[in-house]
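One letter stands for each residue in the lines below.
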Amino acid sequence: MNKNREFGYQAWLQPGPKLDFPGFQPAGEKGFAYDELVRGLHRIGCRDIDTMINLALCEDIGPQAYKITGSIDGITIRGGDERGLLYGVYGFLSRLRRGQTSFDIFDKPAASRRILNHWDNITGRIERGYSGKSLFFKDGQIGYDLERLKDYARLLASIGINEISFNNVNVCSESAKLITDYLPDTKRIAEIFRPFGIKIIVAIHFESPVLMGGLSTADPLDPDVAEWWAKTAANVYKEIPDLAGFVVKADSEFRAGPMSLGRTQADGANLIARAVKPHGGMCYWRCFVYNCMQDWRDTETDRPKAAYDYFYPLDGHFDDNVMLQIKHGPSDFQVREPNSPLLGAMEKTPQMLELQVTQEYTGQQKDLYALAVQWEEIFDHPITDIIATRDLIGDKIDAVVAVANAGDDSNWTGHLLAQANTYAFGRMAWDPSLTALQVIEEWAELTFANYPKAIRPIIEMVLESRGVYEKYNAPLGIGWMVNISHHYGPSVDGYEYMKWGTYHRADTKAIGVDRTTAGTGYTAQYHPYVQAMYENKETCPEEILLYFHRLPYDYKLRSGQTLLQYIYDTHFEGVEDVEGFIATWESLKEDLPEEAYTSVKERLQMQLANAKEWRDVVNSYFYRKTGIADAKGRKIYE
Ligand code: GCW
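These remarks concern the structure in this document. Bear in mind the structure is a predicted one, so any value in this text is a computation, not a measurement.

Analysis parameters
Residues numbered from 1 in each chain as written. Predicted model: local features only at pLDDT ≥ 70, side-chain atom pairs only at ≥ 80, totals over all residues. Heavy atoms only, no water. Helix = DSSP H or I, 4+ residues; strand = E, 2+ residues; numbered from the N terminus. Rg over C-alpha atoms; globule rule 2.2 N^0.38 Å. Buried < 20%, exposed > 50% of the residue type's maximum accessible area, 1.4 Å probe, protein only. Contact = heavy atoms within 4.5 Å. Areas by Shrake-Rupley, 256 points an atom, 1.4 Å probe, with all protein chains shown as cover. Pairing = 2+ DSSP bridges. Axes fitted to C-alpha atoms, helices over the stretch in contact; angles between N-to-C directions. Core = buried A, V, L, I, M, F, W, Y, C linked by side-chain atoms within 4.5 Å. Phe/Tyr/Trp six-rings, centres within 6.5 Å; stacked < 30°, edge-to-face > 60°. Lys NZ or Arg CZ within 6 Å of the ring centre and 35° of its normal. Right-handed = clockwise from strand over helix to strand, strands pointing away. Near = heavy atom within 4 Å. Polar contact = N/O pair within 3.5 Å; in protein donor to acceptor, adjacent residues only side chain to side chain. Nonpolar A, V, L, I, M, F, W, Y, C, P; charged D, E, K, R; others polar. Parallel < 35°, antiparallel > 145°, perpendicular 65-115°, else oblique. Left-handed = near helix turned anticlockwise from the far one by under 90°. Expected span 1.5 Å × (residues − 1). Arc of directions from axis to C-beta.

## Section: the overall build of the protein
For step 1, the next point in the chain: Secondary structure summary: the protein contains 18 helices and 17 strands in total.
For step 2, the next point in the chain: The C-alpha radius of gyration of the protein comes to 25 Å, within 12% of the 26 Å expected for a compact globule of 638 residues.
For step 3, the next point in the chain: Looking at the protein residue by residue over its 638 residues, the buried ones come to 61%.
For step 4, the next point in the chain: For the protein, the proportion of contacts with a sequence separation of at least 24, taken over those separated by at least 6, is 71%.
For step 5, the next point in the chain: Accessible surface, the protein: about 23500 Å² in total, of which carbon and sulfur atoms supply 49%.

## Things to note about the sheet that holds strand β6 (residues 113–117)
For step 1, the next point in the chain: Read around the barrel, eight strands follow the order β6-β9-β10-β11-β12-β13-β14-β15 and close on themselves; strand pairing throughout is parallel. Each strand of the sheet is rotated relative to its neighbour by a mean of 25°, with strand direction disregarded.
For step 2, the next point in the chain: Two elements, β6 and strand β15 (residues 397–403), share five bridges in a ladder whose sense is parallel. Residue pairing across strands places leucine 116 opposite alanine 402, the latter belonging to β15.

## A short note on the nonpolar core
For step 1, the next point in the chain: Counting 207 residues, the largest nonpolar core has Tyr152, Phe193 and Trp285 as its most contacted members.
For step 2, the next point in the chain: Among the elements that take part in this core, helix α18 (residues 594–626) stands out by supplying 11 residues, more than any other.

## A word on the packing of aromatic side chains
For step 1, the next point in the chain: Within this structure, the stated rule accounts for 32 aromatic pairs.
For step 2, the next point in the chain: Between tyrosine 87 and tryptophan 430, the aromatic rings sit 5.1 Å apart at their centres with planes inclined by 85°, giving edge-to-face as the arrangement. Residue tyrosine 87 is located in helix α3 (residues 82–97), and its partner tryptophan 430 is located in helix α12 (residues 419–430); the two are separated by 343 residues in the primary sequence.
For step 3, the next point in the chain: Relative accessible area serves as the criterion here: at 4%, tyrosine 87 is assigned to the buried category.
For step 4, the next point in the chain: Arranged with centres 5.7 Å apart and planes meeting at 25°, the rings of tyrosine 152 and tryptophan 412 form a pair that is stacked. You can see tyrosine 152 sitting in helix α4 (residues 146–157) and its partner tryptophan 412 sitting in the loop between β15 and α12, a full 260 residues away along the chain. Side by side, tyrosine 152 and tryptophan 412 carry an identical accessibility label, which is buried.
For step 5, the next point in the chain: Connected via pairs of aromatic rings, a cluster forms that spans Phe136, Phe137, Tyr152, Phe166, Phe193 and Trp412.
For step 6, the next point in the chain: Here the guanidinium or amino end of arginine 303 rests over the ring plane of tyrosine 290, the centre of that ring lying 3.7 Å away.
For step 7, the next point in the chain: Taking the ring centre of tyrosine 547 as reference, the NZ or CZ of arginine 515 above it sits at 4.9 Å.

## Overview of the pairing of strand β11 (residues 245–248)
For step 1, the next point in the chain: For strand β10 (residues 199–204) and β11, the ladder comprises four bridges, and the chain directions are parallel. Bridge pairing links isoleucine 201 to glycine 245 in β11.
For step 2, the next point in the chain: After leaving β11, the chain enters helix α8 (residues 265–276) and then returns to the sheet as strand β12 (residues 282–286), a path that is right-handed.

## Focus on the site of the ligand
For step 1, the next point in the chain: Taken together, 14 residues form the shell around the ligand, and within it Glu127, Lys249, Lys327, Asp332 and Glu360 come nearest.
For step 2, the next point in the chain: One of the side-chain N or O atoms of glutamate 127 is found 2.4 Å from an oxygen atom in the ligand.
For step 3, the next point in the chain: Taking arginine 286, its side chain carries an N or O atom lying 2.7 Å from an oxygen atom of the ligand.
For step 4, the next point in the chain: Across the complex, the protein chains shield 97% of the 340 Å² of accessible surface that the ligand would expose by itself.
For step 5, the next point in the chain: Of the residues assigned to the shell around the ligand, the class counts are three nonpolar, three polar and eight charged.

## Concerning the packing of helix α2 (residues 32–44) against α3
For step 1, the next point in the chain: For the pair α2 and α3, interaxial distance at closest approach is 8 Å and the crossing angle is 15°. Relative to α3, α2 is oriented roughly parallel. Note on packing geometry: the crossing formed by α2 with α3 is right-handed. Counted together, Phe32, Ala33, Glu36, Leu37, Gly40, Leu41 and Ile44 of α2 and Leu85, Leu86, Val89, Tyr90, Phe92, Leu93, Leu96 and Arg97 of α3 form the full contact between these two elements.

## Some details on the packing of α4 against helix α5 (residues 183–193)
For step 1, the next point in the chain: Here α4 crosses α5 at 55°, and the two axes come no closer than 9 Å. In terms of their interaxial angle, α4 and α5 are classed as oblique. Crossing handedness for the pair α4 and α5: right-handed. The residues of α5 that touch α4, namely those facing Leu146, Leu149, Lys150, Tyr152 and Ala153, are Ile189, Ile192 and Phe193.
For step 2, the next point in the chain: Tallied by class, the residues present in the contact of α4 with α5 amount to seven nonpolar, no polar and one charged.

## Details of the pairing of strand β14 (residues 351–356)
For step 1, the next point in the chain: For β14, a buried count of six out of six residues is recorded, marking the element as mostly surrounded by other parts of the structure.
For step 2, the next point in the chain: Burial along β14 is two-sided: the face carrying Gln351, Leu353 and Leu355 and the face carrying Met352, Glu354 and Gln356 are both buried.
For step 3, the next point in the chain: Here strand β13 (residues 322–327) runs beside β14; their pairing, made up of four bridges, is parallel. Paired with glutamine 325 across the strands is methionine 352, a residue of β14.
For step 4, the next point in the chain: Pairing of β14 with β15, which is carried by six bridges, proceeds in the parallel orientation. Residue glutamate 354 lies in a different strand from β15, and its bridge partner there is valine 401.

## What about unusual backbone geometry?
Note: most residues except glycine have negative phi, and most peptide bonds are trans.
For step 1, the next point in the chain: Of note in this structure, glutamate 253 is not a glycine but carries a positive phi near 45°.
For step 2, the next point in the chain: Mapped onto the fold, glutamate 253 is located in the loop between β11 and α8.
For step 3, the next point in the chain: On the accessibility criterion, glutamate 253 (23% relative accessible area) is partly exposed.
For step 4, the next point in the chain: Phi at phenylalanine 254 is positive, roughly 70°, even though this residue is not glycine.
For step 5, the next point in the chain: Considering the arrangement of structural elements, one finds phenylalanine 254 in the loop between β11 and α8.

## With respect to α4
For step 1, the next point in the chain: Helix length check: α4, at 12 residues, gives a terminal C-alpha distance of 16 Å against a target of 16 Å (1.5 Å per residue), a fit within 8%.
For step 2, the next point in the chain: The buried fraction of α4 is high, at nine of 12 residues.
For step 3, the next point in the chain: Among the residues of α4, those classed as buried are Arg148, Leu149, Asp151, Tyr152, Ala153, Arg154, Leu155, Leu156 and Ala157.
For step 4, the next point in the chain: Where α4 begins, the capping side chain belongs to aspartate 145, and its oxygen is found 3.1 Å from the backbone nitrogen of glutamate 147.

## Some words on helix α7 (residues 223–239)
For step 1, the next point in the chain: With 17 residues, α7 extends 25 Å between its outermost C-alpha atoms, agreeing within 8% with the 24 Å of an ideal straight helix rising 1.5 Å per residue.
For step 2, the next point in the chain: For α7, every residue scored as buried is listed here: Val225, Trp228, Trp229, Thr232, Ala233, Val236 and Tyr237. The buried residues of α7 occupy an angular sector of 155° when projected down its axis, which confines them to one face. Residues of α7 that are exposed and angled more than 90 degrees away from the buried face: Pro223, Lys231 and Lys238.
For step 3, the next point in the chain: The elements touched by buried residues of α7 are α5, β10, α6 (208–211), β11 and α8.
For step 4, the next point in the chain: The N-cap residue of α7 is aspartate 222: its side-chain oxygen and the backbone nitrogen of aspartate 224 are 2.8 Å apart.

It is worth stressing that arrangement in space is one thing and function is another; only the former is reported here.
The structure is reproduced here in structure tokens:
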């Protein structure tokens, strides 16, 4: 059997223990959803013909929505449209596999667009990818294993993903040609994903008119530039009429954009938006714009302020098919950040929440890290005293996007348990009211259906993993402290004297940047209620205290511990917790298939080495700065 099919959260990829239902007979609406149902039932092992399952389209239910009703006497799955029907089929199979036998369900996605961005390079290497090589590119061109790609499409569709981009937002001059010379290949990718209800987005190079059109400028206000984009978009839509749109990283990390040509972000976004507008396309415009050439001596510039400063004043200037793609935090996918103040702030501009499933700063799929736990906090994050980010999903924020974590490794995600993050992203984008516990339970029950004894311990381990990683990482939201460039493992001063605007400014007495109104003024970008919460050390959530405040090492936390002792304690505990994970995992040896057991155990050993490295580097760093020893007398290297 194909290895990658052995595990996976898809119910229908896993034959398992006998179900209560003897078998099914699909009927009704023929088409792709029907085929997927038959396929899924066969996979699960239902072959006898007893219970009738009827598929039907029913517009009243609404787009992408589904209803499942009935029980052993007969089941009906209704979809508001083709996609809704497909989601109904997957929703049914998933529940059936988890033991549900009676249905009265109505489900619809909160956000209309649930998107994965792949940062895959045309060379086959994935930027910030930790699961092998690209599923889409090989050796400088589009190249894939068709069956594998279809399995991938199914994995994504089954959790409700409905759009993907497959080339890196750092578009190279070669992958810029996906909309010109390589258009036939792009079209083929679109065809593979289309039946699964997944539309394609292409990441475009802002300077394409110069690179490929022979023009002397990419200036968004130049009529020739606008014409080039309009023509190019028309060609693309002739081949791929349902292309979702273009995603753009511009004026960001050494990439050109409208600002570098003296224009605004709105000028740039509207240029692309107008080219795709006649075809119903979108411009997904990333807001990851900041000065990546900061002088570390400059204490006025504060990187977290950048996105808001650039984009908020332009509210009302964007065309209606522009969506602003905003990273969840104002820094960059750190373990702990406040939400970006830009989210929810703009009244007139549709916004997208951008998350990261690939574990760039969160353990790189060597360390276990449940992103669902962090996402739950992100959704809970207040916008005002009465509105949370979650409340905006489906409204101002009608698109949730994440950077994908899959590659051609046989288990898709490098770390087998990192599949939980892919699963959680789809489910939580569909329904942000789901808790981390709920989605991790669902995932574990589906993935380990045949290994029931392992399910509970795995759920507990995965749920705890975010907290554990945070313990041995940079403390209290200060962030970074990672190896510059590859971002794995500790380097406390790695970014400190660099151009990236990410400073902790630790000296012998204190650490942190004052971001209150008395400091850089960053807190003023929030709604007054949220601002007041962060402004005051007493009300600022403690886990993020060092994001907002500069504090002396003897600052007393609410527990009565000093800040320094907290750093020591958490770093010792982090390592102990990872040792606990290993003990738990070893106790499951007999309850899991060998390959899964061994591969995860290997990862946990790597995690332990990483946790120890973090512990010792961070503790030594602060011991050397302060000269204050651990109150509990544990070993700190001098
Ligand atoms: O997190 C940073 C990464 C870059 C990435 C960038 C972005 C695609 O380190 O590798 O580039 O974010 O989001 O554009």
